[in-house]
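Here are the chains, one letter per residue:
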Protein chains: 2
Amino acid sequence: MNRREIAINKLKSLGDVILDDVTQGRIPRIKVPSRGTSNIIYDEDKRHYVLGDRYGTRSMGNVKQIKKIGQMLYTANFCKDLVAREKTATLRELYYISEGWEVDFADQQESNIVGEDLEVTLGMTREELGLMPEEDGASVYGALTVREGDIEIDALRSGKSGYNISPTIDEVEFVDHDVERVIAVETMGMFHRLVQEKAYKKFDALIVGLKGQAARATRRFIKRVNEELNLPVYICNDGDPWGFHIAMVIISGSAKLAHVNHQLATPDAKFLGVTASDIINYDLPTDPLKDVDVVRLKELLQDPRYRGDFWKTEIKKMLTIGKKAEQQSFSKYGLEYVVDTYLPEKLEAVENQ
Amino acid sequence: MNRREIAINKLKSLGDVILDDVTQGRIPRIKVPSRGTSNIIYDEDKRHYVLGDRYGTRSMGNVKQIKKIGQMLYTANFCKDLVAREKTATLRELYYISEGWEVDFADQQESNIVGEDLEVTLGMTREELGLMPEEDGASVYGALTVREGDIEIDALRSGKSGYNISPTIDEVEFVDHDVERVIAVETMGMFHRLVQEKAYKKFDALIVGLKGQAARATRRFIKRVNEELNLPVYICNDGDPWGFHIAMVIISGSAKLAHVNHQLATPDAKFLGVTASDIINYDLPTDPLKDVDVVRLKELLQDPRYRGDFWKTEIKKMLTIGKKAEQQSFSKYGLEYVVDTYLPEKLEAVENQ
């Protein structure tokens, strides 16, 4: 069975559960795994957040829940139609399309939650159900050829801004590659620097421009190249709590998406960005930590994902020196320095660990 | 002379002016056209903002201006080096690189302003001088082949997210096309809808996903396809003051960039987005105008760029009905409606005007 058939079967099974209840004379009900904070657990083995065993029951016998079940079934039916027709819709379109239903959504938050309810109930991502986020994913440059439908795309020949990961990344097939690692950077400024300095050649690397917080499609792409192509992944972000956390969400997933982290998290990815030690060792231009940075760094110290010695040491050191630095600050030493000196030193350190 | 040679010559001429003054025993000075609001004029013929004739003089004889001139010359020298080596740098990198100069920048705002000073003094865009914005431009899907260096890229074969306009758009050559018009949309959600419903085929169109406010590279791209390929451009945005203005900045440029609007504005581009009349005629799902929307709409009524009857009527109508609507709200009538019904009707109306 391919992914589409699985999705259609799972969506149908949701209807079957209801039909069964009705034909057996029982009150229809659906079990929905709980996404409450008490059911979100950091799994030490899997190295990301997962959902626990708790679940709630939506029952037609409960007046308050009837509308919710109706919305869920309408949405499931809409998704079944989408997947069958090989179409996708944005969450925004889902919200508007409900205007034609007998149980429409009051606002988009309500429709987004029903989308998540379906994800967690069926154990599939909403992308597999045809529901796409608005935003595109990262830019990719390097010796990787992918196939989208009957079109092959060479990420070395897609222009200076590279191949753009679309929300439908799971339909993309990896055809061929000639790289040994993945280097992801936080900003497109740094992406263009790495492309311009031919870092893809120098490091036999795929260069990935994350564009800030990584989109779901980007996280899925990184997980897939890591697991399917067996490529180590290095994330080179700014040296501040936001840069750290953009990397960590790629590595260990987010609590909010505990139910899909198994499809998104890349626990073996490594942070290769600017650290407090780098700030000192490379005498980088810095900005003082703002209050909000300090608060955030202290939160990270309490976060199970930052449990390792590396993070504890670097976060504490950053709090001590009271400074942060961006990746582009290496250009103090010239535009080429980051590719000619910094990255080789960092890569050697992490690969010989 | 190619673009690079022109840029190098212009940058050198700036140094020559100073050298001349020094060798002639005069106090070195540079004339910088004024970017103050009183020197920003809406040009009725050109249909965009331009700079007037006023200029200021930066003189080495004025203690307050010495540092500014020094920064300008260091930056010009840096740019000359960039262009000569066929490199680019982000404005962020420019800021950091000044750490190695004798006249560094206090913050990035200062270095950005010097970048604009150079643009306006030399009459070239900062991109021509090698200084790139961080962000990439729009996504393009359709029958257009471009060349970047020795690589040809077919925007029909670049993946579902299309060809990504890079900040170095002026180095891109248009090789071939088989389209009759350009349809630009505000969101990537709508971009993917148009690609999925094959709007590029149905309307013989290039589909451009603006991603909100259009980047400079996007505006330059749109101007170039309009003028070099002689393609009409239609901008299909949300029906709210922000959607209107995203379109208007593409059409008539911004006041802030009056000195480069001649390279960025596309006065013949047409707004084809959601209007107050559409909201009524298509009975669209709406949101009430917020206070900030009302304020903004009233500002637009005072703006010379919105002088035409079309805009006056539609803005007043929107204020009267007190409602706004997004493009994706057409999905109330099904996902295909926007491509099957709405766009054909709008296109026919505007093309038979």
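Residues numbered from 1 in each chain as written. Chains lettered and ligands numbered in written order. Predicted model: local features only at pLDDT ≥ 70, side-chain atom pairs only at ≥ 80, totals over all residues. Heavy atoms only, no water.

## Regarding the interface of chain A and chain B
What counts is decided by this rule: Contacts are residue-level and defined by heavy atoms, with any inter-residue pair within 4.5 Å sufficient. Accessible area that two parts lose when put together, evaluated with a 1.4 Å probe and summed over both, is termed the buried area. Think of a salt bridge as a Lys or Arg side-chain nitrogen and an Asp or Glu carboxyl oxygen that are within 4 Å of each other. For this analysis, a polar contact is any N or O atom pair within 3.5 Å, provided that within protein one partner can donate a hydrogen and the other can accept it, and provided that sequence-adjacent residues contribute only side-chain to side-chain pairs. Here a helix means four or more residues in a row that DSSP labels H or I, a strand means two or more in a row labelled E, and each is numbered from the N terminus.
Between chain A and chain B, the residue contacts involve 51 residues of the former and 51 residues of the latter. For the pair chain A and chain B, the two sides together bury roughly 4,100 Å², of which 44% comes from carbon and sulfur. For the pair chain A and chain B, the number of links is 12 salt bridges. Run the count over chain A and chain B and you get 30 residue pairs in polar contact (both at pLDDT 80 or more). Mapped onto the side of chain A that touches chain B, the elements with two or more residues apiece are helix 2 (63-84), strand 5 (89-90), helix 3 (91-97), strand 9 (151-154), strand 10 (163-164) and helix 5 (188-196) of chain A.

## Side note on the domain arrangement of chain A
Residues and elements named next belong to chain A. Operational definition: The source of the domain bounds is an automatic or database domain assignment.
Taken as a whole, chain A is organised into domain 1 (3-132) and domain 2 (138-352). The C-alpha centroid of domain 2 is placed 33 Å from the C-alpha centroid of domain 1. The partner domain 2 presents 24 residues to the 21 residues of domain 1 that form the contact. Here domain 1 packs against domain 2, burying approximately 1,800 Å² in sum over the two surfaces, 53% of which is carbon and sulfur. Along the contact surface separating domain 1 from domain 2 lie 6 salt bridges. Ionic pairing is found between Arg216 and Glu127, a salt bridge with its closest N-O pair at 2.8 Å. On the surface where domain 1 and domain 2 come into contact, there are 11 residue pairs in polar contact (both at pLDDT 80 or more). Listed by contribution, the elements that provide at least two residues to the side of domain 1 that touches domain 2 are strand 2 (40-43), strand 3 (48-51) and helix 4 (108-122).

## Remarks on the relation of the copies chain A and chain B
Spelled out, the test is: To line up the copies, we fit them by least squares on C-alpha atoms, keeping just the residues with pLDDT of at least 70 in both.
Expressed as a screw transformation, the operator carrying chain A onto chain B has a rotation angle of 180 degrees and an axial translation of 0.0 Å, and the superposed copies differ by an RMSD of 0.0 Å. Both copies are brought into coincidence by an operation consistent with a two-fold rotation axis. When the interface residues of chain A are mapped onto chain B, 100% of them are again interface residues, pointing to one common binding face.

## Structural notes on the UniProt feature "active site" in chain A
Condition: UniProt positions are given in the numbering used here, feature names are shortened, and annotations may be inferred rather than shown by experiment.
The sites that UniProt annotates as "active site" are A:Tyr96. Its place among the elements puts A:Tyr96 in helix 3. Beyond its immediate chain neighbours, meaning those up to four positions away, A:Tyr96 contacts B:Pro285, B:Glu326, B:Gln328, B:Ser329, B:Ser331 and B:Lys332.

## Concerning the environment of B:Leu210
Residues and elements named next belong to chain B. Stated precisely, the cut-off is as follows: Remark: exposure states derive from per-residue accessible area (1.4 Å probe, protein chains only) relative to the maximum for the residue type, with buried under 20%, exposed over 50%, and partly exposed in between.
Summarising the element assignment, Leu210 is placed in the loop between strand 13 (205-209) and helix 7 (216-228). A relative accessible area of 2% places Leu210 in the buried class. As for Leu210 and Lys312, which are separated by 102 residues in sequence, their C-alpha atoms are 25 Å apart. Ignoring any residue separated from it by four or fewer positions in sequence, one finds Leu210 in contact with Ala138, Ala184, Val185, Glu186, Thr218, Ile222, Ile235, Asn237, Ile246 and Ile250.

## Overview of the packing of aromatic side chains
The test is simple: Centre distance within 6.5 Å is the pairing criterion for rings of Phe, Tyr and Trp, where only the six-membered ring of Trp is used; planes under 30 degrees apart are then read as stacked, over 60 as edge-to-face, and the remainder as tilted.
Enumeration according to the criterion identifies 38 aromatic pairs over all chains in this entry. Each ring, one from A:Phe271 and one from A:Phe310, has its centre 6.4 Å from the other, and the planes form 45 degrees; the classification is tilted. Linking A:Phe271 in strand 15 (residues 270-271) with A:Phe310 in helix 12 (residues 309-321), this pair joins segments that are 39 residues apart in sequence. On the basis of relative accessibility, which here comes to 10%, the residue A:Phe271 falls in the buried class. Measuring from centroid to centroid gives 5.0 Å for B:Phe310 and B:Trp311, while their planes differ by 75 degrees, and the two rings are edge-to-face. The exposure class assigned to B:Phe310 is partly exposed, which follows from its relative accessible area of 38%. Of the residues examined, B:Trp311 reaches a relative accessible area of 8% and is grouped as buried.

## So, the side chain of A:Glu148
Rule in force here: Here the positive residues are Lys and Arg and the negative ones are Asp and Glu; neither His nor the chain ends is included.
Among the secondary structure elements, A:Glu148 is positioned in strand 8 (residues 144-148). One buried charged residue, A:Glu148, forms no salt bridge at all, with the nearest opposite charge on B:Lys160 at 5.6 Å. Separated by 2.6 Å, the side chain of A:Glu148 and the backbone nitrogen of B:Lys160 make a polar contact. Beyond its immediate stretch of four places on either side in the chain, A:Glu148 contacts A:Ile153, A:Tyr163, A:Val172, B:Gly159 and B:Lys160.

## Considerations on the UniProt feature "domain: Topo IIA-type catalytic" in chain A
As recorded in UniProt, the feature "domain: Topo IIA-type catalytic" lies at residues 2-138 of chain A. Secondary structure across residues 2-138 of chain A divides into 47% helix and 16% strand, with the first and last C-alpha atoms of the span separated by 26 Å.

## With respect to the sheet that holds strand 8 (residues 144-148) of chain B
All names here are of chain B. Keep this limit in mind: Paired strands are those between which DSSP finds at least two bridges. To obtain an axis, a line is fitted to C-alpha atoms, over the contacting stretch when the element is a helix, and the angle between two such axes runs from 0 to 180 degrees between their N-to-C directions.
Pairing within the open sheet is antiparallel, and its 3 strands lie in the order 9-8-11. One side of each edge strand has no neighbouring strand; the edge strands of this open sheet are strand 9 (151-154) and strand 11 (172-177). For this sheet the average axis-to-axis angle between neighbouring strands, irrespective of direction, equals 25 degrees. Pairing between strand 8 and strand 9: 4 bridges, direction antiparallel. Along strand 9, the bridge assignment pairs Glu148 with Ile151. On the sheet, helix 7 packs against strand 8 and strand 11 and is oriented at approximately 45 degrees with respect to strand 11.

## Comments concerning the packing of helix 1 (residues 3-23) of chain B against helix 4 (residues 108-122) of chain B
All names here are of chain B. Where we set the bar: Note on angle classes: values under 35 degrees are labelled roughly parallel, values over 145 roughly antiparallel, values of 65 to 115 roughly perpendicular, and the remainder oblique. The nonpolar class holds Ala, Val, Leu, Ile, Met, Phe, Trp, Tyr, Cys and Pro. Asp, Glu, Lys and Arg form the charged class, and all remaining residues, Gly among them, are polar.
The geometry of helix 1 relative to helix 4 is characterised by a closest axis approach of 11 Å and an angle of 95 degrees between their N-to-C directions. In terms of orientation, helix 1 and helix 4 fall into the roughly perpendicular class. Each of Lys10, Leu11 and Leu14 in helix 1 lies in contact with helix 4, whose residues at this interface are Leu118, Thr121 and Leu122. Looking at the contact of helix 1 with helix 4 residue by residue, the class counts come to 4 nonpolar, 1 polar and 1 charged.

## Some thoughts on the pattern of salt bridges
Opposite charge on two side chains makes pairing possible when the charged atoms of those side chains draw close. If you walk through the whole model with that rule in mind, you get 64 salt bridges over all chains. For A:Glu197, the salt bridge identified is with A:Arg193, shortest N-O distance 2.7 Å. The burial state of A:Glu197 is the same as that of A:Arg193; both residues are buried. Each member of the salt-bridge network shares a partner with another, and the members are A:Asp81, A:Arg85, A:Lys87, A:Glu93, B:Arg193, B:Glu197 and B:Glu336.

## Brief notes about the environment of B:Glu186
Residues and elements named next belong to chain B. Its location among the elements puts Glu186 in the loop between strand 12 (181-185) and helix 5 (188-196). Separated by 24 residues in the primary sequence, Glu186 and Leu210 have C-alpha atoms spaced 5.1 Å apart. When neighbours within four sequence positions are excluded, Glu186 is seen to be in contact with Leu210, Lys211, Gly212, Cys236, Asn237, Asp238, Gly243, Ile246 and Gln327. Of note is the side chain of Glu186, whose polar atom sits 2.9 Å from the backbone nitrogen of Asp238.

## Structural notes on the sheet that holds strand 12 (residues 181-185) of chain A
Residue and element names in this part refer to chain A. The strand order across the open sheet built from 6 strands is 10-7-13-12-14-15, with neighbouring strands paired in mixed fashion. Taken across any chain shown, the strands that pair with only one partner, and hence form the sheet edges, are strand 10 and strand 15. Note that strand 7 (residues 139-141) and strand 10 share 2 bridges and pair antiparallel. Bridge pairing links Ser139 to Asn164 in strand 10. Across the face of the sheet, helix 13 (residues 337-351) comes into contact with strand 12, strand 14 (233-236) and strand 15 while running at roughly 135 degrees to strand 14.

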